[in-house]
Each structure stands twice: as C-alpha cells, then as structure tokens.
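# Notes for the structure review
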Amino acid sequence: MVENKQIIEYLATRDNYNKLENLIAKELEEYYSMPKPKKAESGKKIKTLEEATEILSEAKHSVDDFLSLKPGYCNPKLELKGSLKYNGNGLFSTMVSNALFLAAGIGAAIYWHPMIGGAMVGVGISKLAFILNLNLSITTPVCNSSELITCIKGATREEMRMSLLHEYAHAVSIDRLGGQSLKYRCLSEGFAQGTQLHISKHYGAKNRSSLFSSIRCLDNARHDIKCKLSGKEKFFLKMEKNIKEEMISDNEYMFLTGAGYFLFRLAEEKHGEDIYKEVLEGNTKLLFA
Ligand SMILES: [Zn+2]
C-alpha cells in the first residue's frame, strides 16, 4: 500500500494541478451538454435486507467483471442499519452541552481571560467536531473488512447501487491489499471511488449524476492541492499529525477521496482502465509512472 503522504507529494505539482483543472472543465462541459432528466429519480426507498442484497449482487457482478475477478471471489455479508437509530436524545443533549461550553469559552475569552477562554473554545470545538463526526460516520455506508458491508436503510435504489459499488470495491481491495487504516486511506478511497464512478459512468442512463459525483470529487481535491502548492498545507499537515481514525473530519475524508480519485484518473490516462487490476495485483508503482 502507498501512504497518503507520497500520493499528495506526487499530485501537488503545477503540472498536475493544471491537469486537474482541465479535467474538471472538460467534465463540466460534458455535464452541461447532457439533457436534464425529465423526472427526478424514483423515490422508492430501500428498506429490507433482501432488496439491498439484490442490489449488492448486481454491484458485485459489475465490479467482478470490471476487475476480472472470479465470480464468488469475495462475499462480504451485508448489514442494513437505520441512520436515525443513533440520533437519540443522548447525542442531542451532549451536543447542546458542548455548544454551550464553546459559547461560554468565547465569552470568557472576550470578557475575562483570553488564554483560559481560548482553551475552552478549543476543547468545545474539538468535542463538538468529534460528536458531529461520529454522527456523520454512522450515516455513511462503511466497509472495514472484506467480510462485512454496512449500508443505510432508506437510501434510494440508485444511491444504494452507488454505495454498494464503492463499498464492495473496498471489500475486494482490503482482501487483496489490506490496509484500510488512515495512513493508506487516499489510495483505498481512490480505488473504491474510481471503480464506482468508472462503472457507473459507463452504465448509460444514470451517467449524468455519476459525472456530477466525479466533478465534485475532483473539485474536493482541487482546493487542497492549490493550498499545498501555495505553501498552505492546512488539511494535509493536520492529517499527517497523528489524528485518530475516528476523528477524521468530513472535509479531510473528502479531500483524501478526491486526491485518491484524481490519482487514479491520471493513471487511467496513461495506462487505461487496467490500472485498477494492476493496483489490485500490488502493482501500485504504475500509479506514479
Ligand atoms: Zn470509501
């Protein structure tokens, strides 16, 4: 596996930044030239494990095919969770008490003692961020081992399909390459996101929304690569400092995913879509060649 640091160092050159901007511009043009769908996607929500399992088996088939995997190679179990289950009063009251603590810190910094107030603000912000993140992370599908995928009840069929393409790609890469830890997240997210979007962009009917996801993902990488190029390494530096896995913020996660996805897109231009199979074989050097 390749560490985040190596990927960001590789991507953050003026030349790659220009390629990124061109890629975004090209996809935006393509996006606006596509006719808008007449009707919004059907609102039918996936509520049962049976329905979700059926979508997983379709997603699995597409990914296995794309990566030339033997059918039945990887068979993660699927679990379906309700996202509201965790948003009970406990969480809400903890959030309120931490927000009050934060407000008190701001007051103390202004009227009383800047250092003590400042420290309170710091604690308030980090506790709130932790709680909010915890909340976010359980409303997002996850795959932390090749044996289990957790999905959220109530997603539409298309959302579920997109999530399962992504999560199943994670299951496969964890099985082959291991390493879902934060240090390697850029590569693993790039692999999963690239696989998901590559497959769904080539599906036809839904490719306008896939293209939109692709643009958004590339755009997430853009801001931070620009910061790094101009010497401001805000997110990236923070990530390199021993932050705990569960403390990774939404922005950091989106940046890592965006940067990883951009890495695969660059490599696709040079090596074609076989790059995904190559990486799965452990041939990660090709990503940088
Ligand atoms: Zn992911």
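Since we're looking at a predicted model, the values are computed, not measured.

## Quick notes on the sheet that holds strand 3 (residues 148-152)
- In space, the three strands of this open sheet follow the order 1-3-2, with mixed pairing throughout. Across the chains shown, the open sheet's two edge strands, defined by having one partner strand only, are strand 1 (77-81) and strand 2 (142-145). Neighbouring strand axes in the sheet, compared pairwise and without regard to direction, differ in orientation by 20° on average.
- Here strand 2 runs beside strand 3; their pairing, made up of two bridges, is antiparallel. Bridge assignment links Val142 to a residue of strand 3, and that residue is Thr150.
- Across the sheet, helix 3 (residues 49-66) lies against strand 1 and strand 3, angled at about 135° from strand 1, the strand it touches most.
- In the packing of helix 6 (residues 157-177) onto the sheet, the strands contacted are strand 2 and strand 3, and the crossing angle to strand 3 comes to about 160°.

## What to know about the packing of helix 7 (residues 185-201) against helix 10 (residues 250-271)
- Where helix 7 meets helix 10, the closest approach of the two axes is 7 Å, and the angle between their N-to-C directions is 65°. Relative to helix 10, the element helix 7 is oriented roughly perpendicular. At the point where helix 7 passes helix 10, the crossing takes the right-handed sense. Residues Arg185, Cys186, Leu187, Glu189, Gly190, Phe191, Gln193 and Gly194 of helix 7 touch helix 10, and the partners they reach there are Leu256, Thr257, Ala259, Gly260, Tyr261, Leu263 and Phe264.

Analysis parameters
- Residues numbered from 1 in each chain as written.
- Predicted model: local features only at pLDDT ≥ 70, side-chain atom pairs only at ≥ 80, totals over all residues.
- Pairing = 2+ DSSP bridges.
- Helix = DSSP H or I, 4+ residues; strand = E, 2+ residues; numbered from the N terminus.
- Axes fitted to C-alpha atoms, helices over the stretch in contact; angles between N-to-C directions.
- Contact = placed C-beta atoms within 7 Å.
- Parallel < 35°, antiparallel > 145°, perpendicular 65-115°, else oblique.
- Left-handed = near helix turned anticlockwise from the far one by under 90°.

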